[in-house]
Amino acid sequence: MDPNLRYHRQTLIPWIGPAGQQRVAASRVLVIGCGALGCVIADQLVRAGVGTLRIADRDIVETTNLQRQTLFDESDVAGQLPKAIAAARRLGQVNSQVVIDPHVVDIHSGNIERLADFSGQKPDVILDGTDNAETRYLINDFAVRDGIPWVYGAAVATEGRAMAVLPGRACLRCLFRDAPQPGQLATCDTAGVLAPTIAIAASYQVTLALKILVGRAADISPQLLTFDLATGRFHQLDLVDAKSSDCPCCARRDFVFLNTPGGEVSLCGRNAVQVRPAPTPIDMDAIAAKLSVVGTLRRRAYFLQCDLVEPPGWSLTVFPDGRIIVQGTSDTSRARSIVARYFGA
Ligand SMILES: [Zn+2]
């Protein structure tokens, strides 16, 4: 397909042009999280013709995702496909010229560096498609440390936010010093989310990313976009003086989220806890053999699941990257003890 024709409408935008399009086509982009924001981001970037798009996501497509996660359909739910895999399949049909590299993985301090390694080169930009503060603060630490631009985005109910975090400017912790405690903020599981909120926040993130990719990052005003679709209010918070001289991250360079091993997380609203006993990929055959004697085991292409005999009603989902989701409790210490009982870790 003739790229001049394919991207014609986009190259008419003055700050892109044919030269900008060439830079887009040579770019390496990392999208962390392929839920609602990540779907819109990945779709628009692939249509825009980025060179390589790496997608990292830990989840499986579920029925409640279909209302807003635009890369997935009912067959992905029926097939219990990981989001990264389902997204890559769809995106490959959208634009076969883009290298799409899906990773079914939970991003944590022990693997973010590896995920951001494009054959020895850094990504040109990282986009935040996550739904949790813990991962956003980790991205912020990593991107600031390595001087990589990243684009923050968030959407809950009808309210959204987005901003570019550029090297040398205010970072996420200049604005929001401490990560919120689990349960402190409203989430999509508790407050819901309207699909248009996602589309607007994610589309603005992609616009900022394209400016970075074409070499126009300096033209991005230091601003945080906030909006509420319920009232129609859009606001750009001026961040000219927001860079904090005692920011723990970008000023003192104390990268606490990067230097703390990822631990157990209670998965909000799902009566489940994610435990990560092994920092490295695990032997799925060995785990399957162990679990086959303690419950009903189902093997899938990308994970395995076991309904435990004891405690009744609990199940374990084991991923090749070393994660285990314990379904049946939101208590992290109970989840850890069950994992220790069956995995000895
Ligand atoms: Zn900062």
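Residues numbered from 1 in each chain as written. Predicted model: local features only at pLDDT ≥ 70, side-chain atom pairs only at ≥ 80, totals over all residues. Heavy atoms only, no water.

A. Summary view of empty space enclosed by the protein. One pass over the full model with this rule turns up one cavity of 30 Å³ or more. The calculated volume of the largest cavity comes to roughly 50 Å³. Every residue lining the largest cavity is listed: Ala162, Met163, Ala164, Arg169, Tyr204, Leu208, Ile220, Ser221, Pro222 and Gln223. Among the secondary structure elements, those contributing two or more residues to the lining of the largest cavity are β6 (159-165) and α11 (195-213). Of the residues belonging to the lining of the largest cavity, the class tally is seven nonpolar, two polar and one charged. (1 Å grid on protein atoms, 1.4 Å probe; cavity = no way out; pocket = protein on both sides within 12 Å on 5 of 7 lines; lining within 4 Å. Points joined across faces, edges and corners; volume = space filled by probe spheres on them. Helix = DSSP H or I, 4+ residues; strand = E, 2+ residues; numbered from the N terminus. Nonpolar A, V, L, I, M, F, W, Y, C, P; charged D, E, K, R; others polar.)

B. Local environment of the sheet that holds strand β7 (residues 223-228). Ordered in space as β3-β2-β1-β4-β5-β6-β7-β8, the eight strands form an open sheet in which the pairing is mixed. This sheet does not close on itself; its edge strands, each paired only once, are β3 (99-104) and β8 (233-238). Neighbour-to-neighbour, the strand axes of this sheet turn through a mean angle of 15 degrees, independent of strand direction. Of the pairings in the sheet, the one linking strand β2 (residues 52-57) to β3 comprises six bridges and is parallel in character. (Pairing = 2+ DSSP bridges. Axes fitted to C-alpha atoms, helices over the stretch in contact; angles between N-to-C directions.)

C. Geometry of the side chain of Ser27. Of note, Ser27 is situated in the loop between α3 (17-25) and β1 (28-32). Residue class for Ser27 comes out buried when judged on its relative accessible area of 3%. Ignoring anything within four residues of it in the chain, the contact list for Ser27 reads Val50, Gly51, Thr52, Asp124 and Leu213. (Buried < 20%, exposed > 50% of the residue type's maximum accessible area, 1.4 Å probe, protein only. Contact = heavy atoms within 4.5 Å.)

D. Just unusual backbone geometry, in detail. With omega at -5 degrees, the peptide bond leading from Glu310 into Pro311 counts as cis. The topology assignment puts Pro311 in the loop between β12 (304-308) and β13 (315-318). The backbone of Ser119 sits at a positive phi, close to 50 degrees, despite the residue not being glycine. Unlike most non-glycine residues, Ala157 shows phi in positive territory, near 55 degrees. Its place among the elements puts Ala157 in the loop between β5 (150-156) and β6. Using a relative accessible area of 24% as the deciding quantity, one classes Ala157 as partly exposed.

E. Examining the coordination of the zinc ion more closely. Only Cys171 (SG), Cys174 (SG), Cys247 (SG) and Cys250 (SG) from the protein reach the zinc ion as donors, at distances of 2.3 Å. Read in sequence order, the donor residues coordinating the zinc ion give the pattern C-x2-C-x72-C-x2-C. Of the two residues, Cys171 sits in the loop between β6 and α9 (172-175) while Cys250 sits in the loop between β8 and β9 (265-267), which places them 79 residues apart along the sequence. Residue class for Cys171 comes out buried when judged on its relative accessible area of 1%. A relative accessible area of 14% places Cys250 in the buried class. (Donors = N, O, S within 2.8 Å, 3.2 Å for Na, K, Ca; no water.)

F. Just the packing of helix α4 (residues 36-48) against α11, in detail. Interaxial distance between α4 and α11 falls to 9 Å at its minimum, and their mutual angle equals 40 degrees. Viewed along their axes, α4 and α11 adopt a mutual orientation that is oblique. Seen from above, α4 lies across α11 with right-handed handedness. The segment α4 lies against α11, with Ala36, Leu37, Val40, Ile41, Gln44, Leu45 and Ala48 engaging Ile198, Ala199, Ala201, Ala202, Ser203, Gln205, Val206 and Leu210. (Parallel < 35°, antiparallel > 145°, perpendicular 65-115°, else oblique. Left-handed = near helix turned anticlockwise from the far one by under 90°.)

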